[in-house]
Amino acid sequence: NTSFQYRGDALNLIEIGRELGVRHILEGSVRRSGDQVRINAQLIDATTGGHVWAERYDGAMANVFSVQDQVTERIIEALKLKLTPAERKAVETVGTESAEAYDSYLRGLELLAGRRRYDHDANAQAQVILKQAIDADPQYALAIAGLSWAKYLRTTTIHHDMDDSIVFKLAQKSIELSDNALARRVLSRKHFSLFGFDWVGTTRRADKAREELERAHELQPNDPDVLIDLAIALCFAGEPDRAMELVMKAQELNPGHPDWYYSASGIARLVTGDPEGAVRDFSKWSLGDPNFPRPHLFLAAAQALSDRTEAAKTSLARYKDLYHLGLRTVEAVRNRWPMAPEHEEILVKGLRLAGMK
């Protein structure tokens, strides 16, 4: 999503490289006609704008993995990269031998990206396409994880439609077939989530969620969404300093990151004695999704601790207007999102100063 914001724009490649903080840019096109695919690829040195190499690849969709491997190998050669065995395995692993399943998996995940993850129609379409991927290859772990993720996202927006047993069974099945970060992210919600509803049997233990997310981080160390999920869990598990380190790395990896990234940095700043910084981050989080209640709750606490009492009362009122299902008392918030005692004391103090009973 970060790179796609430049799609179709006549921006200078040197400028794009500077904005993204990258040294090289891969650009080109993929064209498909029937069973044939053509890939035009150019590797650009973003510091000079000069071409490192450019080639065209033609092949059948049935052999698309072979074509993809050729492009990847040429990039590795051009950049003179030396991959570790783990990196080599990651590059070569697709997870399926079915081009149809792979195509459906990618299209399904694309429908769940960005703001569309909360679009009910896009989510329903994604589930249909991901099921097609699974039909094409019933052992395709990533497609099963994608379907689990789609169902989880649906439950976060339609409470009465919640079926956590299916969500977590799919995630567990995916891991049994081939361990992957997305399924681990889903399983972490069984223990703790800042965004979703309380599942039946939720442990409310951020340390347990952290264990799942640490494994996700091992599997995909440069996935910024994984880093933010882990950072949030660390904030509630008593490690806000490490959480902030992960937030900074995630924001560097994804300069055009979504607003929910600010939830992690805001909470880390709040519990480490920087309410002013927390106000800035929670404000950005709330602007990204003004009808989502969570940002306004934490914003109210940060504003109160920054001696902005009236603003804090306004934010708390906004939170209560948006959230009619509960968590309307300090004790309810404390039970829903337990924190390390010293950090919980800060949050509770802010909420009480904002007027929460």
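Above: the structure in question.
Our subject in this report is the structure included herewith. (Residues numbered from 1 in each chain as written. Predicted model: local features only at pLDDT ≥ 70, side-chain atom pairs only at ≥ 80, totals over all residues. Heavy atoms only, no water.)

1. Some details on unusual backbone geometry
Next up, step 1: The backbone of Lys-80 sits at a positive phi, close to 55°, despite the residue not being glycine.
Next up, step 2: Tracing the chain through its elements places Lys-80 in the loop between α2 (64-78) and α3 (85-92).
Next up, step 3: One non-glycine residue with positive phi stands out, namely Arg-204, at about 55°.
Next up, step 4: The topology assignment puts Arg-204 in the loop between α8 (181-188) and α9 (206-219). (Helix = DSSP H or I, 4+ residues; strand = E, 2+ residues; numbered from the N terminus.)

2. Brief notes about the environment of Phe-292
Next up, step 1: Counting through the fold element by element, Phe-292 comes out in the loop between α13 (275-288) and α14 (293-305).
Next up, step 2: The class for Phe-292 is buried, based on a relative accessible area of 17%.
Next up, step 3: Look past the residues within four positions of Phe-292 in its chain and what remains in contact with it is Phe-195, Trp-285 and Leu-322. (Buried < 20%, exposed > 50% of the residue type's maximum accessible area, 1.4 Å probe, protein only. Contact = heavy atoms within 4.5 Å.)

3. A word on the sheet that holds strand β3 (residues 51-60)
Next up, step 1: The three strands lie next to each other as β1-β2-β3, forming an open sheet whose pairing is antiparallel. The open sheet has two edge strands, β1 (24-33) and β3, and neither has a second partner. Adjacent strand axes in the sheet meet at a mean angle of 10°, parallel and antiparallel pairs treated alike.
Next up, step 2: Pairing of β1 with strand β2 (residues 36-45) involves 10 bridges; the strand directions are antiparallel. Among the inter-strand pairings, Val-30 is bridged to a residue of β2, identified as Ile-39.
Next up, step 3: On top of the sheet, α2 reaches β1, β2 and β3; it is set at about 170° to β3, its chief contact. (Pairing = 2+ DSSP bridges. Axes fitted to C-alpha atoms, helices over the stretch in contact; angles between N-to-C directions.)

4. A look at the side chain of His-343
Next up, step 1: Mapped onto the elements of the fold, His-343 is located in helix α17 (residues 341-354).
Next up, step 2: For His-343, a relative accessible area of 8% puts it in the buried group.
Next up, step 3: Once you skip the residues sitting within four places of it in the chain, His-343 turns out to touch Cys-235, Gly-238, Pro-240 and Val-271.

5. With respect to the nonpolar core
Note on soluble globular proteins: their nonpolar side chains tend to be buried together.
Next up, step 1: Counting 54 residues, the largest nonpolar core has Leu-194, Phe-236, Phe-282, Trp-285, Leu-297, Phe-298 and Trp-337 as its most contacted members.
Next up, step 2: Top element by residues in this core is helix α10 (residues 224-236). It accounts for nine residues.
Next up, step 3: For Phe-236, the contacting residues outside a window of four places in its chain are Phe-192, Leu-194, Ala-206, Ile-267, Phe-298, Trp-337, Pro-338, Met-339 and Ala-340.
Next up, step 4: Membership of the second largest hydrophobic core comes to 43 residues, among which are Ile-75, Tyr-102, Tyr-140 and Leu-153. (Core = buried A, V, L, I, M, F, W, Y, C linked by side-chain atoms within 4.5 Å.)

6. A look at the packing of aromatic side chains
Next up, step 1: Taken as a whole and judged by the stated rule, the model has 14 aromatic pairs.
Next up, step 2: Residues Phe-282 and Trp-285 carry aromatic rings whose centres are separated by 6.2 Å and whose planes lie at 45° to one another, so their mutual orientation is tilted. Placement of the pair is Phe-282 and Trp-285 together in helix α13, with a separation of three residues, close to one helical turn. Each of the two residues, Phe-282 as well as Trp-285, counts as buried.
Next up, step 3: Measuring from centroid to centroid gives 5.7 Å for Phe-298 and Trp-337, while their planes differ by 40°, and the two rings are tilted. Here Phe-298 is found in helix α14, whereas its partner Trp-337 is found in the loop between α16 (330-336) and α17, with 39 residues between them in sequence. One exposure class covers both Phe-298 and Trp-337, and it is buried.
Next up, step 4: Positioned above the aromatic ring of Trp-53, the side-chain terminus of Arg-74 is 5.4 Å from the ring centre.
Next up, step 5: Over the ring of Tyr-323 we find Arg-294, and its NZ or CZ is 5.3 Å from the ring centre. (Phe/Tyr/Trp six-rings, centres within 6.5 Å; stacked < 30°, edge-to-face > 60°. Lys NZ or Arg CZ within 6 Å of the ring centre and 35° of its normal.)

7. With respect to helix α4 (residues 99-111)
Next up, step 1: Given a rise of 1.5 Å per residue, 13 residues ought to cover 18 Å, and the 19 Å separating the end C-alpha atoms of α4 matches this to within 8%.
Next up, step 2: Taken residue by residue, α4 has Ala-99, Ala-101, Tyr-102, Ser-104, Tyr-105, Gly-108 and Leu-111 as its buried positions. (Expected span 1.5 Å × (residues − 1).)

8. So, the pattern of salt bridges
Next up, step 1: One pass over the full model with this rule turns up 20 salt bridges.
Next up, step 2: Of the charged contacts, one joins Arg-205 and Asp-207 as a salt bridge, the two residues approaching to 2.7 Å between their closest N and O atoms.
Next up, step 3: The exposure class of Asp-207 is partly exposed, given its relative accessible area of 24%.
Next up, step 4: Here Arg-242 and Glu-214 are joined by a salt bridge, their closest N and O atoms 2.6 Å apart. On the criterion of sequence distance, the pair formed by Arg-242 in helix α11 (residues 240-253) and Glu-214 in helix α9 is long-range, its members being 28 residues apart. (Salt bridge = Lys/Arg side-chain N within 4 Å of Asp/Glu carboxyl O.)

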